[in-house]
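Structure at a glance
One letter stands for each residue in the lines below.
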Amino acid sequence: MLGGAVGSLVAAPAVVTAALAPGAPPPVPRGAAGRPMPKMEKELPEPVGRKVGWAVVGLGQFALNQIIPSFAAAKRSKLVALVSGSRDKAESVAERYGVARTHLYDYAAFDAIRDNPDIDVVYVILPNALHPEFSIRASRAGKHVMCEKPMANSPAECEAMIAAAKGAGRKLMIGYRAHFEPHNVKAIALRKSGELGRVRLVTSDHHRHIDQSVPADQWRLVKALAGGGSLVDIGIYSLNAARYMTGEEPVAVAAQVSTPADDPRFREVEDLVSFQLRFPSGAEAHLSSSYTAQNIKRIQALGTKASAVLDPATEYEGNRLALVTETGREKVKVEEASQFAAEMDHLSECVRNGAEPMTPGEEGLRDVRLIGAIYAAAEARRWLDLNPDGSLAG
Ligand code: NDP
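Residues numbered from 1 in each chain as written. Predicted model: local features only at pLDDT ≥ 70, side-chain atom pairs only at ≥ 80, totals over all residues. Heavy atoms only, no water.

Scanning the model with the defined rule gives zero disulfides in all. Cysteine Cys158 remains unbridged, with the sulfur of Cys147 as its closest cysteine sulfur at 8.5 Å. Classification of Cys158 by relative accessible area gives buried; the value is 0%. For the unlinked cysteine Cys350, the closest cysteine sulfur is that of Cys147, found at 16 Å. (Disulfide = S-S within 2.5 Å. Buried < 20%, exposed > 50% of the residue type's maximum accessible area, 1.4 Å probe, protein only.)

Dropping the structure here:
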């Protein structure tokens with residue numbers, strides 16, 4: 001009985017064979033059969049072999065929690081190599097993500113990436129002070145570079161990184177993920193389309209508690225490695241937001257720094273920074289960062305027609321955008337997507353088509369110059385004028 005049933009299934013005609021009227025849809029198979037490609041709701045990824053190959057340098061908190069898992073959502077980028085001072089950790093990460101053991105490097109052997117044609121891009125996710133060395137070595141090895149923010153601890157180092165990439169004919173992009181985060185992208189689009197009117201004021205605050213017991217926070221409290229305190233680490237989001245939410249470059253800066261003298265965490269770097277920027281149109285920005293206030297990551301752009309409120313603005317996910325107009329406050333619907341995959345795919349696309357990345361080394365250099373000007377203004381206790389390139393005038 002059973003055999004008969006199976007036999008009759010196998011013998012069933014695969015398709016309806018009646019003659020088709022012209023324009024009629026193709027016949028539908030009655031049994032298991034292949035069908036045409038369905039209409040795709042999302043773009044298909046590049047074939048694995050054509051994806052751009054990335055090496056991640058430094059397997060710390062950000063690399064392991066955010067960046068490496070995001071390759072799964074990337075369409076044009078794939079993880080092919082790891083660089084770490086810990087062989088055990090590198091091997092265990094490599095096993096999880098299918099990276100070949102032949103594609104693991106330590107810092108001393110890093111330059112051997114030159115001989116690995118699978119590596120197109122090197123993503124530098126090291127403590128800030130190490131960004132210049134490894135970005136420059138990667139450029140000299142003929143690789144494109146994505147470098148985390150802040151780009152470096154001094155403008156001169158940023159300039160050396162830019163020169164090395166240009167000299168090698170390779171791309172250099174700074175990991176300003178907010179430029180790829182869908183809510184920030186939408187807010188920028190609202191500003192550019194004129195829906196906000198003229199932006200008069202940007203306020204942005206980035207604050208979190210720093211915890212000395214967490215390894216990722218330990219080097220952030222050492223000036224030689226971090227370059228500064230909350231300003232360089234998270235205040236840079238407020239600074240960069242003031243620029244992309246006005247679409248202007250600041251002409252003057254004032255700042256105040258406050259660091260609790262009795263808190264042993266802050267022997268070398270600052271805690272609270274409040275800073276103000278003036279823009280050519282007369283717009284202003286009131287910005288802040290600290291390592292002691294509760295977790296806040298928000299951006300507001302107050303325009304003559306409407307205000308964009310991002311709160312939270314720069315979380316890894318779950319950001320929100322509202323538009324405030326004369327008639328009230330309304331949530332703006334924005335589809336979630338991985339900002340990390342988007343930023344990596346952007347650089348991969350630039351590598352493929354030769355375009356300049358949206359956040360090149362020059363963008364990182366400008367912020368590093370402005371950070372220097374903010375510290376100088378705090379020291380001077382007065383407004384200081386800025387050159388068009390973000391450096392101090394005079
Ligand atoms: P971690 O301390 O967690 O990771 C840094 C890694 O760098 C370490 O795990 C280690 O990797 C390697 N390393 C090499 N030398 C040193 C050293 N002397 N001291 C400490 N680590 C060293 O830091 P994060 O991942 O939080 O930050 C890394 C970079 O990423 C920073 O520039 C930071 O600003 C940026 N970042 C950016 C974020 C963003 O949203 N864009 C968010 C968080 C960080 P190994 O053991 O493999 O050698």
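Much of the literature gives interface size as the accessible area that the parts lose upon coming together. Under the domain assignment, the protein is made up of domain 1 (48-177) and domain 2 (181-335 + 361-385). The interface of domain 1 with domain 2 comprises 21 residues on the first partner and 25 residues on the second. The junction of domain 1 with domain 2 conceals about 1900 Å² of combined surface from both sides, 60% of it contributed by carbon and sulfur atoms. Counting across the domain 1 and domain 2 interface gives three salt bridges. Here Glu159 and Arg369 are joined by a salt bridge, their closest N and O atoms 3.2 Å apart. On inspection of domain 1 and its partner domain 2, the count reaches 10 residue pairs in polar contact (both at pLDDT 80 or more). In terms of residues, the side of domain 1 that touches domain 2 owes the most to one element, helix H5 (residues 155-168), which gives five residues. (Domains from an automatic or database assignment. Contact = heavy atoms within 4.5 Å. Buried area = accessible area lost by both parts, 1.4 Å probe. Salt bridge = Lys/Arg side-chain N within 4 Å of Asp/Glu carboxyl O. Polar contact = N/O pair within 3.5 Å; in protein donor to acceptor, adjacent residues only side chain to side chain. Helix = DSSP H or I, 4+ residues; strand = E, 2+ residues; numbered from the N terminus.)

What follows is about the sheet that holds strand E13 (residues 321-325). Strand order across the open sheet formed by nine strands is E14-E13-E12-E11-E7-E10-E9-E8-E15, with mixed pairing between neighbours. Strands at the two margins of the open sheet, each flanked by one partner only, are strand E14 (328-331) and strand E15 (384-385). Note that strand E7 (residues 199-207) and strand E11 (residues 296-303) share eight bridges and pair antiparallel. In the strand pairing of E11, Ser204 is matched with Ile299. Across the sheet, helix H6 (residues 182-192) is in contact with E7, E11, strand E12 (307-310) and E13; its angle to E13 comes to roughly 30 degrees. (Pairing = 2+ DSSP bridges. Axes fitted to C-alpha atoms, helices over the stretch in contact; angles between N-to-C directions.)

Attention shifts here to a nonpolar patch on the surface. A cluster of nonpolar side chains, Met37, Met40 and Leu44, forms an exposed patch at the surface whose accessible area comes to about 320 Å². Relative to the elements of secondary structure, Leu44 occurs in the loop between helix H1 (2-11) and strand E1 (52-57). (Patch = residues over 30% accessible without salt bridge, like charges linked within 9 Å, V, L, I, M, F, W, Y side chains within 5 Å. Areas by Shrake-Rupley, 256 points an atom, 1.4 Å probe, with all protein chains shown as cover.)

This part is about unusual backbone geometry. Each neighbour pair has its own omega, and for Lys149 with Pro150 the value is -15 degrees, a cis peptide bond. The residue Pro150 is located in the loop between strand E5 (144-147) and H5 in this model. The linkage connecting Asp311 with the following residue, Pro312, adopts the cis geometry, with an omega of 0 degrees. Positive phi, normally seen in glycine, also occurs at Arg381, with a value near 55 degrees. Take Arg381: it is sitting in the loop between helix H11 (361-380) and E15.

On to the pairing of E13, then. Alignment of E12 against E13, held across four bridges, turns out to be antiparallel. Counterpart to Leu310 in the pairing with E13 is Leu321. Hairpin connection of E13 to E14: two residues between the antiparallel strands.

What follows deals with the pattern of salt bridges. Counted under the stated rule, the structure contains 22 salt bridges. The partner of Glu46 in a salt bridge is Arg50, and the shortest N-O contact between them spans 3.4 Å. Classification of Glu46 as partly exposed rests on a relative accessible area of 27%. The network of salt bridges with common partners includes Lys149, Arg208, Asp217, Arg220 and Asp233.

This brings us to the nonpolar core. The biggest cluster of nonpolar side chains holds 78 residues, and the ones touching the most others in it are Val122, Leu196 and Met245. Take this core: its biggest share by element is 10 residues, from helix H9 (residues 230-246). Residue contributions to this core reach at least three from each of two domains, namely domain 1 (48-177) and domain 2 (181-335 + 361-385). If sequence neighbours within four positions are ignored, Leu196 has contacts with Ala187, Leu190, Arg191, Met245, Ala301, Gly303, Thr304, Lys305, Ala306, Ser307, Ala308 and Leu323. (Core = buried A, V, L, I, M, F, W, Y, C linked by side-chain atoms within 4.5 Å.)

This next bit is on the confidence of the model for the protein. Overall, the prediction assigns the protein a mean pLDDT of 94, with 95% of residues at 70 or greater. Counting contacts from residues 1-16, a segment whose pLDDT is below 50, to residues more than four positions away or on other chains yields nine contacts. (pLDDT = per-residue confidence, 0-100.)

Right, let's talk about the packing of aromatic side chains for a bit. Evaluated as defined, the whole model comprises eight aromatic pairs. With centroids separated by 6.2 Å and ring planes inclined at 70 degrees, the aromatic side chains of Trp54 and Phe71 adopt a geometry described as edge-to-face. Separated by 17 residues along the polypeptide, Trp54 in strand E1 and Phe71 in the loop between helix H2 (61-70) and strand E2 (77-83) bring together distant segments of the chain. With respect to burial, Trp54 and Phe71 carry one shared label: buried. Plain terms: the ring middles of Tyr107 and Phe134 are 5.4 Å apart, the flat faces sit at 70 degrees to each other, and that makes the pair edge-to-face. (Phe/Tyr/Trp six-rings, centres within 6.5 Å; stacked < 30°, edge-to-face > 60°.)

Near the ligand you find 24 residues, and of these Gln61, Ser84, Lys89, Tyr107 and Arg177 are the closest. A distance of 2.9 Å separates a nitrogen atom of the ligand from a polar side-chain atom of Glu148. Here Arg220 contributes a side-chain N or O atom positioned 3.0 Å from an oxygen atom of the ligand. For the shell around the ligand, the class distribution of residues is 11 nonpolar, eight polar and five charged. (Near = heavy atom within 4 Å. Nonpolar A, V, L, I, M, F, W, Y, C, P; charged D, E, K, R; others polar.)

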